[in-house]
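Structural overview for review
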Amino acid sequence: MTNTAPQRRAHSRTKRPPTIIDVADHAGVSRGTVSRVLQGGHKVSPASQEAVHAAIRKLGYVVNRAARSLVTQRAGSVAFLLSEPQERFFEDPNFTTLLRGCTTALGEHDIPLVLITAGTEAERRRVTPFLSTHHVDGVLLISSHRGNPMIDHLRQANLPFVCCGKPLGERGAMSYVAADDREGAMAMVRCLLESGRQRIATIAGPQDTPGGLERLAGYREMLAEHGIAYDKRLVQIGDYSRASGEAAMHRLLATAPNVDAVFVASDLMADGALTAIERAGLRVPDDIAVGGFDDSPVATAARPPLTTIRQPWDRISEMMVRQLLAQIDGEGPATVILPIELVVRESA
């Protein structure tokens, strides 16, 4: 009697992995339909998409990215390009929130995300050849300081990209997604005024960034609406870091000791301002009310928790990814401005 068990085991070990043809046969659709589903599901009915995904799960099909790249002439990945110093990525929770949101949004399309930092000239020299040879299909550009050199590099490489925040001083159409910074600042200053505060200062962000400019403009506009003259002594500039917020608040207390409220252009800087106020022997909100911007995890961890402006981070991530994928598919640039929300807590 012939022993066939070893033969069966050998056969099972050499069984080929499922192919796109197997998925198509199992789902009852064409190879083209499976291919379109794998590339994002454009022009595929929901029923067919579900049938293909069910077949993939049943068969254990795994996409051969190398083969797909040869056919589509695409890398099959996207870069999250942070044009800030690396330490800012670890200090500022907004960056990690955006990274998580973009990763999730791209995951729905089975597209991996590559994190790249380019905050120094040395880093830019290293990453430019990588981007220029299209090792990624597009770029989500985070932090748009005026004159950001990465914008020119991306344009020269003819690589699709979407900015987080409105780029300053750039000519020509460009895709970006932003929250309504000016309206957010106006909402916060209005809240402080309506609570009875009369001498409201501000710690603005860098004036070479859209958030820095627009939030300061909103502060000035709301004061003007209430007939309050703009006073330069009540304005300090930070760089969005906690240390800069603390230093700016110390300066405000020195030049304007009778200030009774401060609008701070980021939660991280506002947390630094809280430290400066406490060290001066003052109380929040009894002596000075404090309002932030972002509604990052810093806002709820602060003591007292921050009244702030909520940026819709999930929507920002989702819209950036949507715009970038549309550009990769050949569509033109577009812009999106998303609404904000005032969140009232104990600091004001």
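Refer to the structure presented above.
Now for a look at the structure at hand. Source: prediction; values computed, not measured.

A few words now on the overall build of the protein chain. A tally of helices and strands in the protein chain yields 15 helices and twelve strands. Taken over the C-alpha trace, the protein chain has a radius of gyration of 26 Å; the compact-globule value for 348 residues is 20 Å, which it surpasses by more than 25%. Over its C-alpha atoms, taken along the principal directions, the protein chain stretches across nearly 100 × 45 × 40 Å. For the protein chain, the residues scored as buried account for 50% of the 348 residues in total. Long-range pairs, those at least 24 residues apart, make up 69% of the contacts in the protein chain between residues at least 6 apart in sequence. Roughly 17,100 Å² of accessible area belongs to the protein chain as shown, and the carbon and sulfur atoms make up 52% of that amount. Taking the average place of the 39 positive charges on the side chains of the protein chain and the average place of its 39 negative ones, the gap between the two points comes to 8 Å.

A separate point is the environment of T209. Along the chain, T209 falls in the loop between β6 (200-204) and α11 (210-225). The buried category is assigned to T209, whose relative accessible area is 6%. For T209 and P167, which are 42 residues apart along the polypeptide, the C-alpha to C-alpha distance reads 7.9 Å. When near neighbours in sequence (up to four residues on either side) are disregarded, T209 contacts S144, H145, L168 and Y240. Among the polar contacts made by the side chain of T209, one reaches the main-chain carbonyl oxygen of P206 at a distance of 2.7 Å. Only 3.1 Å separates the side chain of T209 from the backbone nitrogen of G212, close enough to count as a polar contact.

For the structure shown, the criterion picks out 18 salt bridges. Linking R279 and E246 is a salt bridge whose minimum nitrogen-to-oxygen distance equals 2.6 Å. Of the two residues, R279 is situated in helix α13 (residues 267-279) and E246 in helix α12 (residues 242-255); the sequence distance between them amounts to 33 residues. What makes E246 buried here is its relative accessible area of 18%.

Right, let's talk about the sheet that holds strand β8 (residues 261-264) for a bit. Spatially, four strands are ordered β7-β6-β8-β9 in an open sheet, and the strand pairing comes out parallel. Each edge of the open sheet carries a strand with a single partner, namely β7 (235-237) and β9 (289-291). Adjacent strand axes in the sheet meet at a mean angle of 15 degrees when their direction is disregarded. Alignment of β6 against β7, held across three bridges, turns out to be parallel. Within β7, the position partnered with I203 by the bridge is Q236.

Attention shifts here to the packing of helix α2 (residues 20-27) against helix α3 (residues 31-38). Relative orientation of the contacting elements α2 and α3 amounts to 105 degrees, with a least axis distance of 8 Å. By the angle between their directions, the pair α2 and α3 is classed as roughly perpendicular. Counting all contacts with α2, which are made through I20, I21, V23 and A24, the residues of α3 involved are R31, V34, S35 and L38. A per-class count over the contact of α2 with α3 returns six nonpolar, one polar and one charged.

It is worth spelling out the sheet that holds strand β3 (residues 139-142) at this point. With respect to topology, six strands assemble into an open sheet ordered β2-β1-β3-β4-β5-β11, the strand pairing being parallel. The open sheet has two free edges, formed respectively by β2 (113-117) and β11 (335-338), since each of these has just one partner strand. When the angles between neighbouring strand axes are averaged without regard to direction, this sheet yields 20 degrees. As paired elements, β3 and strand β4 (residues 161-164) share four bridges and run parallel to each other. Across the sheet, the residue bridging to I142 is C164, located in β4. Sitting on the sheet, helix α8 (residues 121-132) touches β1 (78-82), β2 and β3, and the angle it makes with β2 is about 150 degrees.

What follows covers unusual backbone geometry. For the bond running from V284 to P285, omega is 5 degrees, close enough to zero to count as cis. Relative to the helices and strands, P285 resides in the loop between α13 and β9. A positive phi angle, close to 55 degrees, is found at N158, a residue other than glycine. Examined against the element boundaries, N158 turns out to sit in the loop between α9 (149-156) and β4. Of note, the phi angle at D295 is positive, near 55 degrees, even though the residue is not glycine. When its relative accessible area of 16% is taken as the criterion, D295 is described as buried.

Rules behind the numbers
Residues numbered from 1 in each chain as written. Predicted model: local features only at pLDDT ≥ 70, side-chain atom pairs only at ≥ 80, totals over all residues. Heavy atoms only, no water. Helix = DSSP H or I, 4+ residues; strand = E, 2+ residues; numbered from the N terminus. Rg over C-alpha atoms; globule rule 2.2 N^0.38 Å. Buried < 20%, exposed > 50% of the residue type's maximum accessible area, 1.4 Å probe, protein only. Contact = heavy atoms within 4.5 Å. Areas by Shrake-Rupley, 256 points an atom, 1.4 Å probe, with all protein chains shown as cover. Lys, Arg positive; Asp, Glu negative; His and termini not counted. Charge placed at Lys NZ, Arg CZ, Asp CG, Glu CD. Polar contact = N/O pair within 3.5 Å; in protein donor to acceptor, adjacent residues only side chain to side chain. Salt bridge = Lys/Arg side-chain N within 4 Å of Asp/Glu carboxyl O. Pairing = 2+ DSSP bridges. Axes fitted to C-alpha atoms, helices over the stretch in contact; angles between N-to-C directions. Parallel < 35°, antiparallel > 145°, perpendicular 65-115°, else oblique. Nonpolar A, V, L, I, M, F, W, Y, C, P; charged D, E, K, R; others polar.

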